[in-house]
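# Residue-level structure breakdown
One-letter residues, chain by chain:
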Amino acid sequence: MKKVIMGNHALSYGAMLSRAQVIAAYPITPQTQVVELLSEMCADGTLNAKFIKVESEHSAMAACLGASLAGARTFTATSAQGLALMHELLHWASGGRLPVVMGNINRAMAPGWSIWTDQNDSLSQRDTGWIQFYCASNQEVLDTVIQAFKVSEKLMIPSMIVLDAFALSHTYEVVDVPDQDKVDAYLPPFNPPFRLTPDDPHAFGGLTSPEHYMELRYKLQKDMEKVPALVEETGKEYEKMFGRYLGQVDEYLCDDAEFIFVTSGTAGYTARVVVDELREKGIKAGNLRIKLFRPFPFEKVRSILSKVPKVAVVDRNISYGHHGIFYQEVKSAMYGQPHQPVIFGFITGLGGRDITRDTFKEIADYALSKSQAEEEIVWIGVKK
Amino acid sequence: MTKERKMTLTIPKEELMSPGHLACQGCGASLAMRLALKALGQRTVVCIPACCWAVIDGPFPHSSLDIPIYHCAFETAASSASGVKAGLEMVGDTETTVLAWAGDGGTFDIGLQALSGAAERNEDIIYACYDNEAYMNTGIQRSSATPLGAWTTTTPVKHYKKHPKKDIIGIMAAHRIPYVATASVAYPEDMVKKFKKAKEIKGTRFIHIFAPCPAGWKSRPEDTIKLARLAVQTGYFPLYEVEYGEKWTLNLKIKERKPIAEYLKLQGRFRHLKDDEIAMIQKEVDANWERLLKRCEQ
């Protein structure tokens, strides 16, 4: 059934269709509508789940982890400061191999207080062992929640579904909400190999000596490495059942491109307007939107960018003292490859400053006028 | 001719805790767990945050308990237990008792927010705090459960603890949860009774257990029970319970309280105290005792 819904509600519908059993959440702008709708669904019986209204994001994640270990499918959502407060438990989730699925609305970190979008909140959690999907439409948000549960529960690794504050969270779009029975056919009930039960008592997460700890982390990495192929497999399966393919990346006119914007989140769709304009002028432009950020889709990115002379990586984030984070990642992926494109790094749109058609035009003008990347960071739209 | 006297054993014989655990000699916390599990039985799940019990249980892949354990983050005993309870119910297990088992640091300090949240929501869990009055697992640093006058590695003799212990029972009673009680390893029948009572109640139940720590208190391991008993007999740690924040009951009436000095002198952590300082502590114990009696009379 087609509905006009906001990005936040796409997360709620995704969790509902996935039959999340325990939800624990704490309110933070711009996430609130996600959990407001879920609490209504729990209250009126649309969703058979327990909603734990905790007193902090830290407790939200703690409760999700406890419920997940008990064998329940769990969901939560947060943003920025809330995600930062959860940080300790993000490690707990992946280290404990608990497949929680969480929505994170990208919001800039304080101070100064900001409720507007940028990616430093979720990218600061890069090394916590979570799968991260950056979405660009409400449809993709809803579909990816369902896919994420399937991927997470197969590998016992948690997933984060990331969407831009306001640009997606509060933007209404037409979304095809799939039928419950079809989702049930795609996503079987959660049935973990071990769980917290007196019927089969185990101690989970106890003191682990140097003799054992490293193997646990090795196994986590080995399973992380299986994610890209599983995303492809489950994405194709989703396409067969629902008509929409869910991949690691989203390409736009990349096949013959001589210049590619690498983007993430909603900025990718703006880039495509400029791609079309450039093509009208005879410049073979394209857009590679990276959806799966962790694990990094090395093979996909390499196969696409190795044919291209020039790449402009657009970051709505920064690693202070280093560069834009997607820029680092793309450069790292291309290092040592037989063909290395010239890779430019642009930082723009921090704290919710709009990324517009003009932003991409400026980026294109800069990159097309240079034969080498003279600077590691090119700031766009900053008042210096 | 003396009449034959028979005592009835009220403590279950079943052992859910095995020997071979890693507790120190004379550890009150290990005895507390053994007794609590005797009362609660095997259909119990325990959430243990960072505390001595995170180690006592035994390193991976060993465990000294015959019940499932979730080793959770320091400040999450109550929130983890809330999640476990919800999760178990959603997978069809409504019978299992969910126990949060934390030290005083994890309860009085870092876990207090999560505990207050769980109590306000009246989560259907038992929260037990075994109180050894400092961060013992990290090497005897003061917590807000450390008593007035005590030495710890962060309250050195020259600057011993100047503030009284936080009134955790008062805080929990103010949440008006169904059941709040104190218990002591020196009174095992009382402790087992309280855990059994707690098990039959729905909602948040909080049990504060006095658990001496010879390593941290600089006391003799063989004095653990003696110290725990003296704590009750001096009125320093009375045995009482509070139902729904309203009904306060003193479980063990002490006709003549022993002087606090008898309790303090057996512990190296109080060795530096002079007579006037001991008198100050006695005054505080007296005031707390009178306040408790008044509450229990109402």
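Residues numbered from 1 in each chain as written. Chains lettered and ligands numbered in written order. Predicted model: local features only at pLDDT ≥ 70, side-chain atom pairs only at ≥ 80, totals over all residues. Heavy atoms only, no water.

## Some details on the overall build of chain B
Check the secondary structure of chain B and you find eleven helices and eight strands. Here the C-alpha atoms of chain B give a radius of gyration of 19 Å, agreeing with the 19 Å that 2.2 N^0.38 yields for 298 residues. Considering only C-alpha atoms, chain B reaches an extent of 60 × 55 × 40 Å along its principal axes. Among the 298 residues that make up chain B, the fraction classed as buried is 60%. Considering only residue pairs separated by 6 or more positions, chain B has 69% of its internal contacts joining residues 24 or more positions apart. As presented, chain B carries roughly 12900 Å² of accessible surface, and 54% of it is formed by carbon and sulfur atoms. With 40 positive and 34 negative side-chain charges, chain B shows a spacing of 4 Å between the two charge centroids. (Helix = DSSP H or I, 4+ residues; strand = E, 2+ residues; numbered from the N terminus. Rg over C-alpha atoms; globule rule 2.2 N^0.38 Å. Buried < 20%, exposed > 50% of the residue type's maximum accessible area, 1.4 Å probe, protein only. Contact = heavy atoms within 4.5 Å. Areas by Shrake-Rupley, 256 points an atom, 1.4 Å probe, with all protein chains shown as cover. Lys, Arg positive; Asp, Glu negative; His and termini not counted. Charge placed at Lys NZ, Arg CZ, Asp CG, Glu CD.)

## Thoughts on the overall build of chain A
Looking only at helices and strands, chain A has 13 helices and 16 strands in total. Rg of the C-alpha trace for chain A: 21 Å, near the compact-globule value of 21 Å for 384 residues, within the 12% margin. Taking the principal axes of the C-alpha coordinates as reference, chain A spans close to 65 × 50 × 45 Å. For chain A, buried positions account for 60% of its 384 residues. Within the structure as shown, chain A displays about 15100 Å² of accessible surface, and the carbon and sulfur contribution to it stands at 53%. Measuring between centres, the 39 positive side-chain charges of chain A sit 2 Å from its 46 negative side-chain charges.

## A closer look at the sheet that holds strand 14 (residues 310–315) of chain A
All names here are of chain A. The strand order across the open sheet formed by six strands is 10-12-11-14-15-16, and the pairing between neighbours is mixed. Two strands bound the open sheet, and with one partner strand each, they are strand 10 (249–252) and strand 16 (378–379). Bridge count for strand 15 (residues 342–347) against strand 16 is two bridges, and the pairing is parallel. Paired with Phe 346 across the strands is Val 378, a residue of strand 16. Relative to strand 11 (residues 259–263), helix 13 (residues 357–369) is tilted by about 135 degrees, and along the sheet it contacts strand 11, strand 14, strand 15 and strand 16. (Pairing = 2+ DSSP bridges. Axes fitted to C-alpha atoms, helices over the stretch in contact; angles between N-to-C directions.)

## Let's talk about the interface of chain B and chain A
The partner chain A presents 38 residues to the 40 residues of chain B that form the contact. Where chain B abuts chain A, roughly 2900 Å² becomes buried across the two surfaces, and 65% of that area is made up of carbon and sulfur atoms. Among the residues chain B hides against chain A, the three largest losses belong to B:Phe60, B:Tyr70 and B:Met90. Together they make up 23% of the total. Here chain B is connected to chain A by three salt bridges. (Buried area = accessible area lost by both parts, 1.4 Å probe. Salt bridge = Lys/Arg side-chain N within 4 Å of Asp/Glu carboxyl O.)

## A look at helix 4 (residues 80–95) of chain A
Residue and element names in this part refer to chain A. Between its first and last C-alpha atoms helix 4 spans 22 Å; for 16 residues at 1.5 Å apiece the expected length is 22 Å, and the two agree. Bending of helix 4 peaks at approximately 60 degrees at the position of His 87. For helix 4, the complete set of buried residues consists of Ala 80, Gly 82, Leu 83, Met 86, Leu 89, Leu 90, Ala 93 and Ser 94. Tucked into the core, helix 4 has its buried residues touching helix 3 (57–69), strand 4 (74–79), strand 5 (101–106), helix 5 (120–123), strand 7 (159–164) and helix 8 (213–224). (Expected span 1.5 Å × (residues − 1). Bend = angle between axes of the 7 residues up to and from the residue.)

## Overview of the pattern of salt bridges
All told, the structure shown has 41 salt bridges over all chains when counted by the stated rule. Close ionic contact of A:Lys50 with B:Glu89 constitutes a salt bridge, the shortest N to O distance being 3.1 Å. Linking A:Lys50 in strand 3 (residues 50–53) with B:Glu89 in helix 3 (residues 77–90), this pair reaches from one chain into another. Residue classification places A:Lys50 among the partly exposed positions, given a relative accessible area of 29%. Overall, the relative accessible area of 23% leaves B:Glu89 in the partly exposed class. Residues A:Asp256 and A:Arg279 are paired through a salt bridge, measuring 2.8 Å at the closest nitrogen-oxygen approach. Taken together, the residues span a long stretch of sequence, with A:Asp256 in the loop between strand 10 and strand 11 and A:Arg279 in helix 10 (residues 267–280) at a distance of 23 residues. Owing to a relative accessible area of 38%, A:Asp256 belongs among the partly exposed residues under this scheme. Residue A:Arg279 is classed as partly exposed on the basis of its relative accessible area of 25%. Taken together, the shared-partner salt bridges connect A:Lys50, B:Lys85, B:Glu89, B:Asp124, B:Lys202 and B:Arg205 into one network.

## As for the packing of aromatic side chains
Residue and element names in this part refer to chain A. Scanning all chains against the criterion turns up 23 aromatic pairs over all chains. With centroids separated by 6.0 Å and ring planes inclined at 85 degrees, the aromatic side chains of Tyr 134 and Phe 293 adopt a geometry described as edge-to-face. With Tyr 134 in strand 6 (residues 131–134) and Phe 293 in strand 13 (residues 292–294), the pair connects residues that are 159 residues apart, well separated along the chain. Judged on exposure class, the residue Tyr 134 and its partner Phe 293 are both buried. On the basis of an interplanar angle of 90 degrees and a centroid distance of 5.1 Å, the ring pair of Tyr 186 and Tyr 238 is categorised as edge-to-face. Taken as a pair, Tyr 186 in helix 7 (residues 180–186) and Tyr 238 in helix 9 (residues 227–242) lie far apart in primary sequence, 52 residues in all. (Phe/Tyr/Trp six-rings, centres within 6.5 Å; stacked < 30°, edge-to-face > 60°.)

## A short note on a positive patch on the surface
All names here are of chain B. Taken together, the side chains of Lys 226, Arg 229, Lys 258 and Lys 265 make up a positively charged region of the molecular surface. For Lys 258, the position within the fold is in the loop between strand 8 (247–250) and helix 10 (260–264). Residue Lys 258 is classed as partly exposed on the basis of its relative accessible area, which comes to 32%. (Patch = residues over 30% accessible without salt bridge, like charges linked within 9 Å, V, L, I, M, F, W, Y side chains within 5 Å.)

## Digging into the domain arrangement of chain A
You'll often see interface size given as the accessible area lost when the parts meet. Residues and elements named next belong to chain A. Along its sequence, chain A is carved into domain 1 (2–242) and domain 2 (251–379). Centre-to-centre, using C-alpha coordinates, domain 1 lies 28 Å away from domain 2. Each partner contributes to the interface: domain 1 provides 29 residues, whereas domain 2 provides 24 residues. Together, the buried faces of domain 1 and domain 2 total about 2100 Å²; carbon and sulfur atoms form 57% of this surface. For the interface between domain 1 and domain 2, the tally reads three salt bridges. With a shortest N-O distance of 2.8 Å, Arg 289 and Glu 140 are connected by a salt bridge. For the pair domain 1 and domain 2, the interface holds 14 residue pairs in polar contact (both at pLDDT 80 or more). (Domains from an automatic or database assignment. Polar contact = N/O pair within 3.5 Å; in protein donor to acceptor, adjacent residues only side chain to side chain.)

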